[in-house]
Amino acid sequence: MVNYQFDSLDATFAALADPTRRRMLESLSHQQMRVTDLAEPFAMSLPAVSKHLRVLEKAGLLKRRRLGREHHLELEPAPMKKAHLWIERYRKFWEGSLDSLANYLENNQPKKPKKRKKT
């Protein structure tokens, strides 16, 4: 299912494109948090925080558990691992291409004529 893979990658990269959401994920990388605790350092309303959290949930980057009226959030790293693997594949390609170019340039430079010493 190639389309599913790209759809999930698109959702992951779209979610990670926003600095607020990246900061939220950074906070969740240390511990599980309640929504209200996660929202505290951000200068925005709780509904605005909830919109960011929905984007992260849709991308599969966090899990939400409800305990009574409290919502507890936990980082789900699997989509970021998939994105990392995708980036890594292209990094290897570009490094290989650049290494080939460097090798070609080193081996195909015109030789400079030697200077003659004046006597």
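Position labels on residues start from 1 in each chain and follow its written sequence. Totals for whole chains, interfaces and linings use every residue, but because this is a predicted model, local features are given only for residues with pLDDT of at least 70 and side-chain atom pairs only at 80 or more, for both listing and counting. Only hydrogens and water are set aside; all other atoms, that is, all heavy atoms of the structure, feed into the side-chain values.

J.: Help me understand the sheet that holds strand β1 (residues 33-34), please; the structure alone is not making it clear to me.
T.: One key point about sheets: their strands pair by backbone hydrogen bonds, in either a parallel or an antiparallel sense. Read across the open sheet, the three strands follow the order β1-β3-β2; overall the sheet is antiparallel. Unpaired on one side and paired on the other, β1 and β2 (62-67) mark the two borders of the sheet. Where β2 and strand β3 (residues 70-75) come together, six bridges link them in antiparallel fashion. By the bridge assignment, L62 is partnered in β3 with L75. Between two residues, a contact is recorded if the distance between any of their heavy atoms is within 4.5 Å. All axes are obtained by fitting lines to C-alpha atoms, using only the stretch in contact for helices, and the reported angles, taken between N-to-C directions, cover 0 to 180 degrees. Each helix is a run of DSSP H or I of at least 4 residues and each strand a run of E of at least 2, with the numbering of both proceeding from the N terminus. This element, helix α4 (residues 46-58), spans β2 and β3 of the sheet and lies at about 120 degrees to β2. Strands qualify as paired when DSSP identifies two bridges or more between them.

J.: Where do I start with a nonpolar patch on the surface in this structure?
T.: Two joining distances apply to patches: 9 Å for like charges and 5 Å for nonpolar side chains (Val, Leu, Ile, Met, Phe, Trp, Tyr), and every residue must have over 30% relative accessible area and no salt bridge. For accessible areas, the Shrake-Rupley method is used with a probe of radius 1.4 Å. Any residue's cover is judged against the shown protein chains and nothing else. Definition used for salt bridges: Asp or Glu carboxyl oxygen within 4 Å of a side-chain nitrogen of Lys or Arg. A cluster of nonpolar side chains, contributed by Y90, F93, W94, L98, L101, Y104 and L105, occupies part of the molecular surface with about 760 Å² of accessible area. Topologically, L105 is positioned in helix α5 (residues 78-107).

J.: I tried to follow helix α2 (residues 19-28) on my own but got confused; where do I start?
T.: Think of an α-helix as 3.6 residues a turn; residues three or four steps apart then line up on the same face. Taken residue by residue, α2 has T20, R21, M24, L25 and L28 as its buried positions. Projection of α2 onto a plane perpendicular to its axis shows the buried side chains occupying an angular sector of 140 degrees, all on one side. For α2, the capping residue at the N-terminal end is D18, with a side-chain oxygen 2.9 Å from the backbone nitrogen of T20. For every residue, the accessible area obtained with a 1.4 Å probe (protein chains only) is divided by the maximum for its type, and the residue is called buried under 20%, exposed over 50%, and partly exposed between those limits. It is the directions from the helix axis to the C-beta atoms whose arc is reported. For the purposes of these results, a polar contact is taken to be a pair of N or O atoms within 3.5 Å, where, inside protein, one atom must be able to donate a hydrogen and its partner to accept one; residues adjacent in sequence count only when each atom of the pair is a side-chain atom.

J.: What should I look at first to understand the packing of aromatic side chains in this one?
T.: Working definition: an aromatic ring pair is given by the centre-to-centre distance plus the angle between the planes. Two rings from Phe, Tyr or Trp (for Trp, the six-membered ring) form a pair when their centres sit within 6.5 Å of each other. Planes less than 30 degrees apart are called stacked, planes more than 60 degrees apart edge-to-face, and all others tilted. Taken as a whole, this structure holds two aromatic pairs when the rule is applied. Residues W86 and Y90 carry aromatic rings whose centres are separated by 4.9 Å and whose planes lie at 50 degrees to one another, so their mutual orientation is tilted. Placement of both W86 and Y90 in helix α5 is noted, with a separation of four residues, approximately one turn of the helix. Put simply, the rings of F13, W86 and Y90 pair up and form one aromatic cluster.

J.: I would appreciate a short explanation of the packing of α2 against α4 in the present structure.
T.: Each pair of packed helices gets described by two things: the angle between the helix axes and the distance between those axes. For the pair α2 and α4, the least separation of the axes is 10 Å and the interaxial angle reads 75 degrees. What the angle tells us is that α2 and α4 run roughly perpendicular. Contacts between α2 and α4 involve T20, R21, M24 and L25 from the former and V49, H52, L53, V55 and L56 from the latter. Polarity classes work like this: nonpolar for Ala, Val, Leu, Ile, Met, Phe, Trp, Tyr, Cys and Pro, charged for Asp, Glu, Lys and Arg, and polar for all others, with Gly in that last group. Split by residue class, the contact of α2 with α4 holds six nonpolar, two polar and one charged. Geometric relationships in this document are graded by angle, where less than 35 degrees denotes roughly parallel, more than 145 denotes roughly antiparallel, 65 to 115 denotes roughly perpendicular, and other angles denote oblique.

J.: I'm lost on the nonpolar core in this one. Help?
T.: The nonpolar side chains of soluble globular proteins are, as a tendency, buried together. What we call a nonpolar core is a set of buried Ala, Val, Leu, Ile, Met, Phe, Trp, Tyr and Cys residues that are connected through their side-chain atoms within 4.5 Å. The biggest cluster of nonpolar side chains holds 18 residues, and the ones touching the most others in it are M24, L28, L38, L53, L56, L61 and L73. Every element with two or more residues in this core is listed here: α1 (2-16), α2, α3 (35-39), α4 and β3. When neighbours within four sequence positions are excluded, L73 is seen to be in contact with L28, Q32, M33, V35, L38, L53, L62, K63 and R64.

J.: When you look at the side chain of T12 in this model, what are you seeing that I'm missing?
T.: Residue placement: T12 occurs in helix α1. Those residues in contact with T12 that lie beyond four places of it in its chain are A59, L61, P79 and A83.

J.: Help me understand the side chain of R21, please; the structure alone is not making it clear to me.
T.: Here R21 lies in helix α2. In this tally, Lys and Arg are treated as positive and Asp and Glu as negative; His is ignored, and so are the chain termini. It is D18 that comes nearest to the buried, bridge-free R21 among opposite-charge side chains, at 4.5 Å. Leaving out residues up to four positions away in the same chain, R21 has contacts with A14, A15, H52, V55 and L56.

Honestly, it's all geometry; don't read function into it.
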